[in-house]
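# Residue-level structural notes
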Amino acid sequence: MQLNSLIRNNKKKIRVGRGIGSGKGKTSSRGHKGQKSRSGVSIKSFEGGQMPLYRRLPKRGFKSLNKNKTAILNLSKIQNIIEKQKNNISNTLDLKILKEKKLVNKKFLMLKILGYGEIKKNIQISAHFASKQALSKIEKAGGKISIFKNKS
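### What about the sheet that holds strand β5 (residues 129–130)?
The strand order across the open sheet built from three strands is β1-β3-β5, with neighbouring strands paired in parallel fashion. Taken across any chain shown, the strands that pair with only one partner, and hence form the sheet edges, are β1 (70–74) and β5. Inspection of the sheet shows β1 paired to strand β3 (residues 110–114) by five bridges, in the parallel sense. The residue bridging L73 from the neighbouring strand is I113, located in β3. On top of the sheet, helix α3 (residues 75–83) reaches β1 and β3; it is set at about 80° to β1, its chief contact.

### A look at the sheet that holds strand β2 (residues 92–93)
Taken in spatial order, the three strands of this open sheet run β2-β4-β6, and their pairing is parallel. Bordering the open sheet on either side are β2 and β6 (144–147), each of which pairs with just one other strand. Two elements, strand β4 (residues 124–127) and β6, share four bridges in a ladder whose sense is parallel. What sits directly across from Q124, in β6, is K144.

What counts and what doesn't
Residues numbered from 1 in each chain as written. Predicted model: local features only at pLDDT ≥ 70, side-chain atom pairs only at ≥ 80, totals over all residues. Heavy atoms only, no water. Pairing = 2+ DSSP bridges. Helix = DSSP H or I, 4+ residues; strand = E, 2+ residues; numbered from the N terminus. Contact = heavy atoms within 4.5 Å. Axes fitted to C-alpha atoms, helices over the stretch in contact; angles between N-to-C directions.

Written out as structure tokens, the structure reads:
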């Protein structure tokens, strides 16, 4: 015995709109007149007067139009960049150099230095922002950091 023969599907598909003798002709179970009786019309997200789901759920946050314009670099990342010979970065580092070497994306307009990790080489960094921890660690390593005054 095949598995297909075990499943009996005696239900016939109801073909609406095939004459009055079928019992589903004329209005085809849609009632008379009105929006829902027409073809191609459906009332989207209408829940019969109940408060719709999209209005019941809370709205959170907003999408900023100018987000992610600042590249964030930790000192550990800068140390890795210096250590790699293929980057051949001299003792100066700024956003323009990082973009040229394709170390940060070209969409970034500003550079921020954070103090996570250690830096061993004395290096001159030009950035728009820097944390206090980053400033102290760079100066302790013998380097120098210059902060731009941004025009915004």
